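Structural overview for review
Listed here are the chains, written in short residue letters.
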Amino acid sequence: MKIDTKAVHTGDRKKLGPHVPVTTPIYTATSYYYDSMEQLDRVFGHEEAGYCYARHETPSGVALEELVCALEGGYGAQACASGMAAIHMAVAAALVDRRKSIVAASAMYGATVNLLMTVFEAAGVGVRFADMCDLDAFRAAVAEAQPGCILIETISNPLLRVGHIDRIAEIARENGAALVVDNTFATPLLVRPLELGAHFSVHSLTKYLAGHGDVMGGVAITDQGHIEILRALSRTMGPVLGPFECYLTMRGIKTFPLRMERQCANACRVASWLSAHPRVERVYFPADPKHPDAATIRRLFPANLYGAMVSFEIKGVGSEAAGREEVFRFMDALRMIVRATSLGDVHSMMLYPPMSSHRELSPKHRERMGIRDGLVRLSVGIEAVEDIIADLEQALGA
Ligand SMILES: Cc1ncc(COP(=O)(O)O)c(C=O)c1O
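In short, a report on the structure.

Here we come to the packing of helix H4 (residues 83–95) against helix H9 (residues 227–237). Two elements in contact, H4 and H9, have axes separated by 9 Å at closest approach and are oriented at 125°. Here H4 is positioned oblique relative to H9, judged by the angle of their axes. The two elements H4 and H9 meet at a crossing, and its hand is right-handed. Contacts between H4 and H9 involve His88, Met89, Ala90, Ala92 and Ala93 from the former and Ile229, Leu230, Leu233, Ser234 and Met237 from the latter. For the contact of H4 with H9, a count of residues per class yields 8 nonpolar, 2 polar and no charged.

All right, on to the packing of aromatic side chains then. Two aromatic rings, taken as a pair, are described by how far apart their centres are and by the angle between their planes. Enumeration over the complete set of coordinates arrives at 5 aromatic pairs. Ring plane angle 20° and centroid distance 6.4 Å describe the contact between Phe244 and Tyr247, whose orientation is recorded as stacked. Of the two residues, Phe244 and Tyr247 both sit in helix H10 (residues 243–253), 3 residues apart, roughly one turn of that helix. Look at Phe244 and you get partly exposed, because its relative accessible area is 44%. In this structure Tyr247 comes out as partly exposed when scored by relative accessible area, which is 28%. Aromatic side chains Phe328 and Tyr352 sit 5.6 Å apart centroid to centroid with 80° between the ring planes, which places their arrangement in the edge-to-face category. One end of the pair, Phe328, is in helix H13 (residues 324–332); the other, Tyr352, is in the loop between strand E11 (349–351) and helix H14 (363–369), with 24 residues separating them in the sequence. Overall, the relative accessible area of 3% leaves Tyr352 in the buried class.

Let's shift gears to the sheet that holds strand E9 (residues 309–314). Across the sheet, which stays open at both edges, the 5 strands sit in the order E8-E9-E12-E11-E10 with mixed pairing between neighbours. Edge positions in the open sheet fall to strand E8 (280–284) and strand E10 (338–339), since each of these has one partner strand only. Two elements, E10 and E11, share 2 bridges in a ladder whose sense is parallel. Bridged to Val338 within E11 is Met349.

Around the ligand sit 15 residues, and of these Gly83, Asp182, Ser204, Thr206 and Lys207 come closest. Between the ligand and Gly83, the relevant distance is 2.9 Å, taken from an oxygen atom to a main-chain nitrogen or oxygen of the residue. The contact in question runs from an oxygen atom of the ligand to an N or O atom on the side chain of Asn157, over 3.5 Å. Out of a free accessible area of 390 Å², the ligand has 91% covered by protein chains. In terms of residue count, the dominant contributor to the shell around the ligand is H4 (3 residues). Among the residues making up the shell around the ligand, the classes are represented as 6 nonpolar, 7 polar and 2 charged.

Conventions and cut-offs
- Residues numbered from 1 in each chain as written.
- Predicted model: local features only at pLDDT ≥ 70, side-chain atom pairs only at ≥ 80, totals over all residues.
- Heavy atoms only, no water.
- Axes fitted to C-alpha atoms, helices over the stretch in contact; angles between N-to-C directions.
- Helix = DSSP H or I, 4+ residues; strand = E, 2+ residues; numbered from the N terminus.
- Parallel < 35°, antiparallel > 145°, perpendicular 65-115°, else oblique.
- Left-handed = near helix turned anticlockwise from the far one by under 90°.
- Contact = heavy atoms within 4.5 Å.
- Nonpolar A, V, L, I, M, F, W, Y, C, P; charged D, E, K, R; others polar.
- Phe/Tyr/Trp six-rings, centres within 6.5 Å; stacked < 30°, edge-to-face > 60°.
- Buried < 20%, exposed > 50% of the residue type's maximum accessible area, 1.4 Å probe, protein only.
- Pairing = 2+ DSSP bridges.
- Near = heavy atom within 4 Å.
- Polar contact = N/O pair within 3.5 Å; in protein donor to acceptor, adjacent residues only side chain to side chain.
- Areas by Shrake-Rupley, 256 points an atom, 1.4 Å probe, with all protein chains shown as cover.

Shown next, in the form of structure tokens:
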């Protein structure tokens with residue numbers, strides 16, 4: 001062979017041999033080679049296990065999907081390039097062969113609301129919102145709308161309300177709908193929606209599961225009845241997660257339970273410290289015995305794990321509620337807690353929902369959701385809790 005040909009082919013397509021790598025490597029190949037066309041044909045036809053094209057499956061993706069599926073108690077999973085892509089895929093899969101109508105919780109991540117309205121509703125799917133924490137109102141909305149899909153979050157963003165997943169799953173089944181639960185805030189350490197009767201559990205992997213602020217990814221986990229349609233839609237729509245992100249996510253997940261336990265414990269301490277602070281108007285945290293969903297939380301969450309998100313409203317100076325200006329002054333004074341969007345990372349992060357997660361909603365829509373101008377959302381990290389509290393203290397003093 002000439003040097004040009006050698007440069008292209010030499011060293012590639014080696015058989016692995018009897019050894020197995022201890023951790024999953026990053027498989028960047030976009031297509032796979034077989035000894036015969038007969039075999040490739042069987043793989044394409046799903047008669048024989050194997051890989052053919054990276055939009056369909058990759059060894060990196062399959063390994064991650066198996067891992068997340070085991071954490072969530074599902075049958076199969078589809079890793080996607082973002083949490084939003086995973087929500088899109090799960091809702092689209094839920095609607096196949098069902099009525100083209102969705103009932104969603106009224107308090108949801110802003111981009112999810114936007115997805116429902118600008119993608120699904122714009123394509124002719126009926127979309128209606130209802131309070132997932134008011135079971136009678138939610139049941140009535142489902143009975144009236146007769147949706148094919150119900151979409152809720154385990155812990156809502158940013159007010160940390162907790163819905164009755166198991167009861168909503170029953171409502172979904174009684175009405176022939178599929179229940180999709182965004183489990184990003186709770187993580188499978190707290191709640192596993194499929195075990196409570198949901199049909200799909202979705203995650204922004206970007207958050208607690210990958211956990212280090214360096215991966216954008218999502219995953220939809222589902223049951224035996226929906227996995228084929230989820231995979232088929234994914235092969236067609238192509239939202240797949242790249243192999244490097246799969247690798248980083250698997251690496252992150254190895255310490256996820258340790259990180260999450262520490263973050264939950266830190267969040268409990270931070271929330272009770274904030275509750276006693278004179279500059280804090282109100283704290284939203286699921287461990288609060290006065291939380292409006294305390295009974296559901298006791299029923300669904302394990303003891304002492306309440307998540308690691310704490311939202312709170314800053315008190316205004318004088319009788320006025322705090323506004324954007326005072327919140328910005330407080331956030332600008334933070335020295336260690338990172339002022340940035342996202343959550344679930346090892347470092348503590350603070351976000352101003354009206355500016356980021358719920359920016360796309362009108363002020364009226366935000367007001368209806370209870371997101372006031374003095375509200376901030378803290379994602380508590382794994383740092384020493386004394387340092388987190390000290391930073392909050394000096395910034396509140398400022
Ligand atoms: C609850 C929730 N679901 C989904 C998403 C979307 O995830 P991604 O940014 O990975 O698309 C986010 C992002 O912040 C989120 O907070």
